[in-house]
Each structure stands twice: as C-alpha cells, then as structure tokens.
Amino acid sequence: MKWISGYWIRAVLIVIAVTAVVTLAVWHPWDWTPGESFTRTATAAAAIIGAATGAAVAIVGIGTLVQRSRTDRREEWWRRYRWALEESGSSTRARRRIGYAVLETLATSQLAGPTETGIIDAVTQSHVGLVASWDTMSPQGNGIESEGL
Amino acid sequence: MEYYMITYHGREYEVSWEQVKCAQILMITRKRLKKQPTEWMKVLAAVDLENDPPSRFVRDEVFQAA
C-alpha cells in the first residue's frame, strides 16, 4: 500500500488545507460579531467542506482504481511470464523461440519491478545451464565444448 | 537446435540459440537491476542471432501423430 502513504496522502492533505484556507477566507470568524447572521457563513463553510470532502473521496477513489488497474496488469504479466516460461522449455523449436521472445519482451516491461526482474534474472541464469560455470572453469580443456540446455 | 561457435578466454565453445537468447535476456535484466553482467553473458549476448550463421543445426522437432 505504498501509494497510500505517499502521493495520495499528500493530495488529500492539500485538498484539506485548501479547504481550510477557503473556509476561513469566506467565513472569517475573526470578524464575527455577536448579532451577525451566523447561519449564512456557516452554510457556505459547510458547502465548501462538503465539496472538499467529495474531492478527497474522489482522489482516493481514483487512486484505488489506478492501483487496481496496476495490480490487474501485474497479474497479467505473471500469467504471461508463466506461459512464456513453459513455452521456452518446449520440445518444439518454434515454441521455444516464441517463449524466449515473450520472456525478452516481459523483461523490458515497465510492469516488471525489481522483484520480477530479479526472478527473470535468476530463472534465465538457470536456463543457461552449465555455461554459467565457465567463469570458474579451469583454462585447460578439450577445446570445443557443447553445452546443452 | 542451432549452435553457434564462440571464443571465450581463447577457447572455442559451441552454444545453442537458446543459451545466446538467455544471455541477451540477462543483459536486459542486469541493466535494469543495475548489476554488472558477467563476462560470459557479454560474450554470449554478442552473438547476432539474426545474421550470424550457425555452426551446426540439429533437428530436434518432436512430431506427434495426429
């Protein structure tokens, strides 16, 4: 719920602050004197407070929708990732290639945060297989080597 | 399965299309994670899968009866 503690809380606080300033400007209670019509200014203040509350609720509502949309898109990202991972392990060359192409696209997606990118990194490294051990291999060897997946 | 020849630390290795593709994906993830790719990742990712001719092609398609 990072968005609640960040941008959206600030937006609601700004709305409340603006409302307070506007209310004081309209109401100016410091000028109020006994006998003055209190009802008129109180009604205006109530209307402003009501409008501000509505705006705050709308901001929170929009925030919720944005968050929901992002969650849905990330869930879809995961669904596609699982599919691509399965395809990349297919016994058919054409399907494997589609799988890897989709994995590559998903790796560049903005929906992939550090966690998702880290997972792709770890899983892809395991796909490479023995090649990853080259960095620790002895320089002596038998020349041409074939590393199957 | 297509294989490509690469030279790593003076030795020749034969790597598959998939391994090269994995290395290219790893270059993307390393960049995003702000982590340095390892040397073998760079060497493998440098293979141009579109234009470099494969050194060997092994038919590995699985045909199943309809």
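Residues numbered from 1 in each chain as written. Chains lettered and ligands numbered in written order. Predicted model: local features only at pLDDT ≥ 70, side-chain atom pairs only at ≥ 80, totals over all residues. Heavy atoms only, no water.

Asker: Got a minute to help me understand unusual backbone geometry in this structure?
Answerer: Across residues other than glycine, the phi torsion is negative in most instances, and most of the peptide bonds are trans. Notably, His9 of chain B is not glycine yet its phi reads approximately 55°, a positive angle. Examined against the element boundaries, His9 of chain B turns out to sit in the loop between strand S1 (2-8) and strand S2 (11-16). (Helix = DSSP H or I, 4+ residues; strand = E, 2+ residues; numbered from the N terminus.)

Asker: Looking at this structure, I do not really get the side chain of Ser88 of chain A. What am I missing?
Answerer: Residue and element names in this part refer to chain A. With respect to the helices and strands, Ser88 occurs in helix H2 (residues 38-88). Assessed through its relative accessible area of 4%, Ser88 is described here as buried. Ser88 has contacts with Arg96, Gly99, Tyr100, Leu103 and His127, leaving out every residue within four places of it along the chain. (Buried < 20%, exposed > 50% of the residue type's maximum accessible area, 1.4 Å probe, protein only. Contact = heavy atoms within 4.5 Å.)

Asker: So what exactly am I meant to see when it comes to helix H4 (residues 114-128) of chain A here?
Answerer: Side chains three or four residues apart in an α-helix point the same way, a direct result of the helix having 3.6 residues per turn. Here H4 of chain A is 15 residues long and its end C-alpha atoms lie 21 Å apart, about the 21 Å a rise of 1.5 Å per residue gives. Phi turns positive one or two residues past the end of H4 of chain A, at Gly129 of chain A, with a value near 75°. (Expected span 1.5 Å × (residues − 1).)

Asker: Teacher, can you tell me more about the environment of Arg70 of chain A here?
Answerer: Residue and element names in this part refer to chain A. By the element assignment, Arg70 lies in helix H2. C-alpha of Arg70 to C-alpha of Leu111: the two residues are 41 residues apart in sequence and 8.1 Å apart in space. Those residues in contact with Arg70, other than ones at most four positions away along the chain, are Gln110 and Leu111.

Asker: Hey, could you run me through helix H1 (residues 17-33) of chain B in this one?
Answerer: Residue and element names in this part refer to chain B. Over its 17 residues, H1 runs 24 Å from end to end, which matches the ideal 24 Å to within 8%, given 1.5 Å per residue. With 13 of 17 residues buried, H1 lies mostly within the body of the structure. Once H1 finishes, Lys34 follows within two positions and takes phi at roughly 55°, a positive value.

Asker: Looking at this model, I keep getting lost on the confidence of the model for chain A. Mind explaining?
Answerer: Note: predicted coordinates in regions of low pLDDT should not be interpreted at a detailed level. Residues and elements named next belong to chain A. Residues at a pLDDT of 70 or more form 72% of chain A, whose mean pLDDT is 78. Confidence, expressed as mean pLDDT per element, reaches its minimum in chain A at strand S1 (residues 145-147) with 48 and its maximum at helix H3 (residues 93-108) with 94. Scored below 50 in pLDDT, residues 137-149 makes 33 contacts in the model with residues more than four places away or belonging to other chains. (pLDDT = per-residue confidence, 0-100.)

Asker: Which parts of the structure should I look at to understand the nonpolar core?
Answerer: Nonpolar side chains in soluble globular proteins generally cluster together in the buried interior. Counting residues in each nonpolar core, the largest one holds 29 residues, and the members touching the most others are Trp77 of chain A together with Trp40 of chain B. Those elements that provide at least two residues to this core are H2, H3 and H4 of chain A together with S1, S2, H1 and helix H2 (39-45) of chain B. No other element matches H1 of chain B, which puts seven residues into this core. Ignoring sequence-local partners within four residues, the contact set of Trp77 of chain A consists of Leu106, Ser109, Leu111, Ala112, Glu116 and Ile120 of chain A. With seven residues, the next largest nonpolar core counts Trp8, Val15, Ala52 and Ile59 of chain A among its residues. (Core = buried A, V, L, I, M, F, W, Y, C linked by side-chain atoms within 4.5 Å.)

Asker: What exactly am I supposed to notice about a nonpolar patch on the surface here?
Answerer: Residues and elements named next belong to chain A. Together, Ile9, Leu13 and Ile16 give the surface a local cluster of nonpolar side chains, amounting to about 280 Å² of exposed area. Relative to the elements of secondary structure, Leu13 occurs in helix H1 (residues 2-27). Residue classification places Leu13 among the exposed positions, given a relative accessible area of 51%. (Patch = residues over 30% accessible without salt bridge, like charges linked within 9 Å, V, L, I, M, F, W, Y side chains within 5 Å. Areas by Shrake-Rupley, 256 points an atom, 1.4 Å probe, with all protein chains shown as cover. Salt bridge = Lys/Arg side-chain N within 4 Å of Asp/Glu carboxyl O.)

Asker: Whenever I open this one, the packing of aromatic side chains confuses me. Can you help?
Answerer: Aromatic rings considered in pairs are described by the distance between their centres and by the relative angle of their planes. A full pass over the atoms with the stated rule returns five aromatic pairs over all chains. Between Trp78 of chain A and Tyr81 of chain A, the ring centres sit 5.7 Å apart and the planes meet at 85°, which makes this aromatic pair edge-to-face. Note that Trp78 of chain A and Tyr81 of chain A are positioned in helix H2 at a spacing of three residues, about one turn of the helix. Judged by its relative accessible area of 26%, Trp78 of chain A falls in the partly exposed class. Judged by centre distance (6.3 Å) and plane angle (70°), the rings of Tyr100 of chain A and Trp17 of chain B are edge-to-face. One end of the pair, Tyr100 of chain A, is in helix H3; the other, Trp17 of chain B, is in helix H1, on a second chain. One exposure class covers both Tyr100 of chain A and Trp17 of chain B, and it is buried. By the ring-pair criterion, three or more aromatic residues cluster together here, those being Trp77, Trp78 and Tyr81 of chain A. Residue placement shows Arg97 of chain A over the ring face of Trp17 of chain B; its charged tip is 4.1 Å from the ring centre. (Phe/Tyr/Trp six-rings, centres within 6.5 Å; stacked < 30°, edge-to-face > 60°. Lys NZ or Arg CZ within 6 Å of the ring centre and 35° of its normal.)

Asker: What am I meant to see in the side chain of Glu2 of chain B here?
Answerer: Counting through the fold element by element, Glu2 of chain B comes out in strand S1. Judged by relative accessible area, Glu2 of chain B falls into the buried class, the value being 11%. Looking at Glu2 of chain B, its side chain comes within polar contact range of the side chain of Arg93 of chain A, at 2.4 Å. Engagement of the side chain of Glu2 of chain B in a polar contact is seen with the side chain of Tyr4 of chain B, the distance being 3.3 Å. (Polar contact = N/O pair within 3.5 Å; in protein donor to acceptor, adjacent residues only side chain to side chain.)

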